[in-house]
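Chain by chain, the residues run as shown.
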Amino acid sequence: MEEVDVEPSTTLIPGAGFHQNHLGFEWGPGDLLVYETNYKRQGPKSAGSPFVHIVRKDEDICSPILRKLFNESHHIFVGLQKIKQDVPSKNKKTQFVSISKNYRSVIRACMEELQQNAVATQDPQYGDQVSILLAIELIWNLCEVLFIDAAPAGSLLLHLLDWVRLHKSDVDARAREVLQSDSPTRHQSYWEVVISLVLQGRMDEARQVLSKQASLRSDSSSVFKRMDTLLHTMPIFNPTGTQTLTEFDVKWRHWHEECDRCLQDNTFASNRHLETICKIMVGDEDALLEQKELLSTWYHFLVTRLLYSHPIIKPPDLHYYAQSSMNMFLGPRASPEPLDIILLSAFEFDLHQVIKDCSIALNNWWFVAHLTDLLDHCKLLQSHNLHFGSNLREFLVLEYASGLFTHQSLWQLAVDYFDHCPEFGRVYLELQIERIPMDTERKAIKVLRICKDRQMSEQVRSICKIMAKRALRNNRLGSALSWSIRAKDAAFATLISERFLQDYSNKGSFTDLDLLDNLGPAMLLSDRLTFLGKYREFHRLYGEKQFSDAAKLLLSLMTAKIAPRSLWMTLLTDALPLLEQKEVIFSVAQTYELMSCLEELTSGTNEPKQTAQEDDMESTKMELLQLALARNLAMAIVKEGTIET
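Residues numbered from 1 in each chain as written. Predicted model: local features only at pLDDT ≥ 70, side-chain atom pairs only at ≥ 80, totals over all residues. Heavy atoms only, no water.

S.K.: Just checking my understanding: could you explain the overall build of the protein chain for this structure?
M.R.: Secondary structure assignment for the protein chain yields 30 helices and 3 strands. Each of the 645 residues in the protein chain was classed as buried or not, and the buried ones make up 45%. Nonlocal contacts in the protein chain, meaning residues at least 24 apart in sequence, comprise 63% of its contacts between residues at least 6 apart. In the structure as shown, the protein chain presents an accessible area of about 34,100 Å², 51% of it carried by carbon and sulfur atoms. (Helix = DSSP H or I, 4+ residues; strand = E, 2+ residues; numbered from the N terminus. Buried < 20%, exposed > 50% of the residue type's maximum accessible area, 1.4 Å probe, protein only. Contact = heavy atoms within 4.5 Å. Areas by Shrake-Rupley, 256 points an atom, 1.4 Å probe, with all protein chains shown as cover.)

Structure (structure tokens):
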């Protein structure tokens, strides 16, 4: 079955402000986009408010308790994806049922914590969230019974009984209250507890409570004993036993006839409560409907009705009894709630309708995304594809993951969901990555690691450029250079290198030495970065008194034209301390090369205009350099001449 997906129509709302234009809005994964349209309001104008109020927002993603649900279910989801696809689905049934129960246990744990908070704070918001989780767990449990476990006739009713007992747990609390009272048989809820236990098929517990009354009523002990016998002998199908369905059916019919005979003989006419119990056990629908308050829901009525009239119900026949039970229980005037419609669709084995109705009724995509993913692994959704290319499972997982990306920390979980959407997951991830606000470097590094692991080179460059520019604006040159190197952005690395050199010229020292000392091959990204790295290496060698190596490096920076011409005077000035050493460091050839560089520098015609004071300083530097070079040349000639002779 396929449905044509149509875009939701734009809803126009009265405009705000002086222009009185209509406003349009669009719900995003977690936020609301409001925009002004070209449509004018009709009729008399009124004073408009300049404020736009968001009337609905996904609060679940902001709840600390529900964030635990998202985190825990993420681990289960990832584990489910690791199940080998080549193993036949039937052989994986036990695994799938176990995973389904894990999901439900996480739901119940969050529900219990929300209930505790609701009691402690009296905040109605917690109560609403508890109601939603109750409905989610109820639907999931039923889907587990009908679709994932796919219980056959006989076992099916046992699973449905467990389902009802789990979600109708107030019976246990009332039973404890009655049994712990001073006089259980006189407690106002005594018979309600007995009947409630019978309605849930809990015969042994019903006998235990009923024995309290029998021990006090010696005059009618035979009647109570007869009821105890009926309760005790009720056949219960054992899926692991050797008894066949046919043998069980024969035995059950014999027991049913015995109950009906007791009713016809007025065995329990002396006690209306016992008579009511007997009517329930023969499957009297009128007697069951009289217990509406104890049953509380039509699906409890359905399961009790099946227990005492059709215990070996087959899955294909469920829909008939479900529809009639709902009609009988609710009556002609009451209209079913969304939850009723969803459960009815499940009993009709209409999986796609269940998912569709849940998507509409529930306030986030968590439930439908995870349930659909599990059902898809069970090979139950293979026939349903959407017109825009993605299958139903992938569409819902993508929607859920997109919503997670709007949260400041849960976005990291969304990455794994996108990874397991083979058709559109990578495209969605690339788009969402670009929208993550890079508030801190730590967060940027996390995003960068995600992109690198997935070979998303374009996103890696984009993130690095953003962070580099931000660091540069904040005058954090080391961080800016590090990010530009990661981005492999030669132009930006050149710009930052210039800033480093400018900073050095102003302060006389380098910052971020750890980074500059460990550039390694990264310095080859641009000529200016290469110069910066080598120039820093010169200073390091000089600091370590490796004067000969420092001199060779300094000279190579000038002769290889790596150093920008604007810094030649600075480099020549750096050579002064080496020229003035007692030991000759620059050879004759090296000294001539330095002289050549100085000559080339002084003969330049494009030097910027300088003040008189700056001219005097430059002249002084020139004179000092010329003097130092001449002295070094003389010493070098003498030294080299001495060595030769």
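Next comes the rest of the write-up.
S.K.: Mind showing me how you'd approach the packing of helix α15 (residues 338-347) against helix α16 (residues 351-361) here?
M.R.: A pair of packed helices is captured by two measures, namely the crossing angle of their axes and the spacing between those axes. Close contact between α15 and α16 brings their axes to 8 Å; oriented N to C, the two are set at 165°. By the angle between their directions, the pair α15 and α16 is classed as roughly antiparallel. Of the two elements, α15 crosses α16, and the hand of that crossing is left-handed. Side by side, α15 and α16 meet where P338, I341, I342, S345 and A346 of the first sit next to Q353, V354, D357, C358 and A361 of the second. Grouping the constituent residues of the contact of α15 with α16 by class yields 7 nonpolar, 2 polar and 1 charged. (Axes fitted to C-alpha atoms, helices over the stretch in contact; angles between N-to-C directions. Parallel < 35°, antiparallel > 145°, perpendicular 65-115°, else oblique. Left-handed = near helix turned anticlockwise from the far one by under 90°. Nonpolar A, V, L, I, M, F, W, Y, C, P; charged D, E, K, R; others polar.)

S.K.: For this particular structure, what's the right way to read unusual backbone geometry?
M.R.: Peptide bonds are, in most cases, trans, and in most cases residues other than glycine have a negative phi. Backbone geometry at Q455 places phi at a positive 50°, although glycine is not the residue there. Within the secondary structure, Q455 sits in the loop between α21 (441-453) and α22 (457-473). Look at Q455 and you get exposed, because its relative accessible area is 63%. The backbone of K545 sits at a positive phi, close to 65°, despite the residue not being glycine. Among the structural elements, K545 can be located in the loop between α26 (527-543) and α27 (547-559).

S.K.: Quick question: what am I supposed to make of the confidence of the model for the protein chain here?
M.R.: Interpretation of the predicted coordinates at a detailed level should be avoided for regions scoring low in pLDDT. Summarising the model, the protein chain shows a mean pLDDT of 82, and 84% of its residues fall at 70 or more. Mean pLDDT across the secondary structure elements of the protein chain bottoms out at strand β1 (residues 12-13), with 54, and peaks at helix α13 (residues 298-307), with 95. Segment residues 1-6: pLDDT under 50, and 11 contacts once partners within four positions in sequence are set aside and those in other chains are kept. (pLDDT = per-residue confidence, 0-100.)

S.K.: Please clarify how helix α29 (residues 588-602) should be interpreted in this entry.
M.R.: Spanning 15 residues, α29 covers 21 Å between terminal C-alpha atoms, matching the ideal 21 Å at 1.5 Å per step. Of all the residues in α29, the buried ones are V588, Q590, T591, L594, C597, L598 and L601. (Expected span 1.5 Å × (residues − 1).)

S.K.: Just checking my understanding: could you explain the side chain of S100 for this structure?
M.R.: On the secondary structure map, S100 appears in helix α2 (residues 93-121). Using a relative accessible area of 0% as the deciding quantity, one classes S100 as buried. Side chain to side chain, S100 and W140 meet in a polar contact 2.7 Å long. With near-sequence residues (within four places) excluded, S100 lies in contact with W140, E144, I148 and L374. (Polar contact = N/O pair within 3.5 Å; in protein donor to acceptor, adjacent residues only side chain to side chain.)

S.K.: So what exactly am I meant to see when it comes to the nonpolar core here?
M.R.: Within soluble globular proteins, side chains that are nonpolar tend to cluster in buried spots. In terms of nonpolar packing, the biggest core is built from 191 residues, with W163, M281, W298, F347, W366, F367 and I433 touching the most fellow members. Per element, the largest residue contribution to this core is 12 residues, and it comes from helix α3 (residues 124-148). Those residues in contact with W163 that lie beyond four places of it in its chain are L138, N141, L142, Y299, V303, L343 and F347. (Core = buried A, V, L, I, M, F, W, Y, C linked by side-chain atoms within 4.5 Å.)

S.K.: What should I look at first to understand the environment of G403 in this one?
M.R.: Looking at the secondary structure, you find G403 in helix α18 (residues 392-404). Between the C-alpha atoms of G403 and W366, which are 37 residues apart in sequence, the distance is 9.5 Å.

S.K.: I keep staring at the side chain of Q200 and nothing clicks. Help me out?
M.R.: Assignment of secondary structure puts Q200 in the loop between α6 (190-199) and α7 (203-214). The residues touching Q200, leaving out its near neighbours within four places in the chain, are L161, R165, K168, V171, H300 and L307.

S.K.: What's the story with the packing of aromatic side chains in this structure? I'm lost.
M.R.: Ring pairs (aromatic) are described by centroid distance and by the angle formed between their planes. One pass over the structure, following the stated rule, counts 23 aromatic pairs. Measuring from ring centre to ring centre gives 5.6 Å for F147 and F349, while their planes differ by 80°; the resulting arrangement is edge-to-face. With F147 in helix α3 and F349 in the loop between α15 and α16, this residue pair connects regions lying 202 residues apart in the sequence. F349 gets classed as partly exposed once you look at its relative accessible area, which sits at 32%. With a centroid separation of 6.0 Å and 40° between ring planes, the pair formed by F418 and Y428 is classed as tilted. Taken together, the residues F418 in helix α19 (residues 411-419) and Y428 in helix α20 (residues 425-433) connect sequence positions 10 residues apart. Among the aromatic residues, ring-to-ring pairing joins F70, F77, Y400 and Y417 into one connected group. In this structure, K292 is placed above the aromatic ring of F329, and the distance from its NZ or CZ to the ring centre is 5.3 Å. The lysine or arginine in question, R486, covers the ring of W483, its NZ or CZ lying 4.7 Å from the ring centre. (Phe/Tyr/Trp six-rings, centres within 6.5 Å; stacked < 30°, edge-to-face > 60°. Lys NZ or Arg CZ within 6 Å of the ring centre and 35° of its normal.)

S.K.: It is not clear to me how the packing of α27 against α29 should be interpreted in this structure. Could you clarify?
M.R.: Two numbers describe how α27 lies on α29: the axes approach to 11 Å, and their chain directions differ by 40°. By the angle class used here, α27 and α29 are oblique. Where α27 crosses over α29, the handedness of that crossing is left-handed. Contacts between α27 and α29 involve K552, L555, M558 and T559 on the former and, on the latter, Q590, E593, L594 and C597. Split by residue class, the contact of α27 with α29 holds 4 nonpolar, 2 polar and 2 charged.

S.K.: Would you mind going over α3 with me for this structure?
M.R.: An α-helical turn contains 3.6 residues, so a residue and the one three or four places further along point in the same direction. The end-to-end C-alpha distance of α3, which contains 25 residues, comes to 34 Å, matching closely the 36 Å that a straight helix rising 1.5 Å per residue would cover. Just beyond α3, the residue with positive phi is A150, at close to 50°.

S.K.: Please explain the pattern of salt bridges as it appears in this structure.
M.R.: Taken as a whole, this structure holds 25 salt bridges when the rule is applied. Residue D228 pairs with R207 through a salt bridge whose shortest N-O separation is 2.8 Å. With a gap of 21 residues between them, D228 in helix α8 (residues 221-233) and R207 in helix α7 connect regions that are remote in the sequence. Among the charged side chains, a salt-bridge network with shared partners connects R104, R108, E137 and E144. (Salt bridge = Lys/Arg side-chain N within 4 Å of Asp/Glu carboxyl O.)

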